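Working through the structure, step by step
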Amino acid sequence: MPKKTPIPELKHLDHILVSEAAIKRRIASLSEEINRDYAGTHLTVIAVVNGAVVLVADLLRKLRVQVRLDCVRASSYHTGTQAAGKPVVIDSLKLDITGQHVLLVDDILDTGNTLSAVKTLLLAKQAATVKTCVLLDKKARRVVPFEAEYVGFEIPNEFVVGYGLDFNERYRNLPCIGVLKPKYYAGLL
Ligand code: 5GP
Ligand code: MG
């Protein structure tokens, strides 16, 4: 086996909150739950991109029900690690979800603004049911009431990167979830 090239940006992490192995195990058990809950039905998986791309790719390959995949894009104006104002949801859905069971997938549930806006959009399009799956849940940060049916890990109120989550569009490729050293958040390097 050729030796794996290390990811240099792993060195930017101050600490790891969720390891690659723990993510893998948790996605396996979450997908079993989803397979049980949706057994015998058809599922439309809708990912909130870009953050959800890594999770949805791993999750999708564990699903044993008939699935279709589509994406929406949501963005808030960011200053550093803080989202400012209400998110803008860009309705880029290609699939008709009228009467369909939808599983909404995102990287993290934070204030709840994004997922509640996306869920409102999906229900307005007459989805039969909308459930939500997130890798991470920062309960302490909730501004609007929102709970996800499938949660990978509850985490403390820290700004995290990796496994799809970015800081200034970097670090999405890290295989684990971690917190950057302060100097990297400060944009010093
Ligand atoms: P909301 O506040 O609307 O629940 O979350 C909106 C978005 O903010 C998430 O989808 C994610 O893109 C981003 N976000 C929230 N918390 C974090 C975090 O700790 N790290 C990163 N990289 N993004 C976050
Ligand atoms: Mg996001």
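We now turn to the structure provided with this report. The structure presented is a predicted model; accordingly, all values stated were derived computationally and were not measured.

1. Points about the packing of helix α1 (residues 20-37) against helix α2 (residues 53-60)
Where α1 meets α2, the closest approach of the two axes is 10 Å, and the angle between their N-to-C directions is 65°. Between α1 and α2 lies a crossing whose hand is right-handed. On α2, the residues touching I27, S31 and I34 of α1 are L55, D58 and L59. Of the residues in the contact of α1 with α2, the class split is four nonpolar, one polar and one charged.

2. Some points on the site of ligand 1
The environment of ligand 1 is formed by 14 residues, the closest being T111, G112, T114, V160 and D166. T114 places a polar side-chain atom, nitrogen or oxygen, 2.6 Å from an oxygen atom of ligand 1. Protein burial of ligand 1: of its 510 Å² of free accessible surface, 89% is covered by the chains. Secondary structure elements with two or more residues in the shell around ligand 1: β5 (101-109) and α3 (113-124). Ranked by residues supplied to the shell around ligand 1, first place goes to β5 with three residues. For the shell around ligand 1, a count of residues per class yields four nonpolar, four polar and six charged.

3. Notes on the layout of surface pockets
Gaps left between atoms are located by rolling a probe of water-molecule size over the structure's atoms. Each pocket or cavity is described by its volume, and for the second largest pocket that value is around 280 Å³. If you go around the second largest pocket, you meet 13 residues; those closest to its centre are K24, I27, D58, R61 and Y163. Looking at the lining of the second largest pocket, the element that brings in the most residues is α1, giving four residues. For the lining of the second largest pocket, a count of residues per class yields six nonpolar, one polar and six charged.

4. Describing the packing of aromatic side chains
Throughout the structure, instances matching the rule amount to three aromatic pairs. Ring centres 5.9 Å apart and planes at 85° place the aromatic pair F159 and Y185 in the edge-to-face group. Of this pair, F159 sits in the loop between β7 (150-154) and β8 (177-180) while Y185 is found in helix α4 (residues 182-185), placing the two residues 26 residues apart along the sequence.

5. Structural notes on the pairing of strand β2 (residues 42-49)
Side-chain direction in a regular strand flips from residue to residue, so the side chains alternate between the two faces of the sheet. With seven of eight residues buried, β2 is to be regarded as a mostly interior element. Bridge count for β2 against β5 is five bridges, and the pairing is parallel. Paired with A47 across the strands is V105, a residue of β5.

6. A look at unusual backbone geometry
The residue after V49, namely N50, is reached through a cis peptide bond having omega 10°. In this structure, N50 sits in the loop between β2 and α2. Even without glycine at this site, E169 takes up a positive phi of about 70°. Structurally, E169 is set in the loop between β7 and β8. Residues other than glycine seldom take positive phi values, yet Y171 does so here, at roughly 80°. Within the secondary structure, Y171 is located in the loop between β7 and β8. Since its relative accessible area comes to 3%, Y171 is described here as buried.

7. Digging into the nonpolar core
In terms of nonpolar packing, the biggest core is built from 31 residues, with I34, L103, V105, L136 and I177 touching the most fellow members. Secondary-structure elements contributing two or more residues to this core are α1, β2, α2, β5, β6 (129-137), β7 and β8. For this core, the leading source of residues is α1, giving five residues. With residues near it in sequence (within four places) discarded, I34 still touches L43, L59, L63, L103, C133 and Y150. Ranked by size, the runner-up nonpolar core spans 18 residues in total, among them V48, L109, V134 and V151.

Definitions and limits used
- Residues numbered from 1 in each chain as written.
- Chains lettered and ligands numbered in written order.
- Predicted model: local features only at pLDDT ≥ 70, side-chain atom pairs only at ≥ 80, totals over all residues.
- Heavy atoms only, no water.
- Axes fitted to C-alpha atoms, helices over the stretch in contact; angles between N-to-C directions.
- Helix = DSSP H or I, 4+ residues; strand = E, 2+ residues; numbered from the N terminus.
- Left-handed = near helix turned anticlockwise from the far one by under 90°.
- Contact = heavy atoms within 4.5 Å.
- Nonpolar A, V, L, I, M, F, W, Y, C, P; charged D, E, K, R; others polar.
- Near = heavy atom within 4 Å.
- Polar contact = N/O pair within 3.5 Å; in protein donor to acceptor, adjacent residues only side chain to side chain.
- Areas by Shrake-Rupley, 256 points an atom, 1.4 Å probe, with all protein chains shown as cover.
- 1 Å grid on protein atoms, 1.4 Å probe; cavity = no way out; pocket = protein on both sides within 12 Å on 5 of 7 lines; lining within 4 Å.
- Points joined across faces, edges and corners; volume = space filled by probe spheres on them.
- Phe/Tyr/Trp six-rings, centres within 6.5 Å; stacked < 30°, edge-to-face > 60°.
- Buried < 20%, exposed > 50% of the residue type's maximum accessible area, 1.4 Å probe, protein only.
- Pairing = 2+ DSSP bridges.
- Core = buried A, V, L, I, M, F, W, Y, C linked by side-chain atoms within 4.5 Å.

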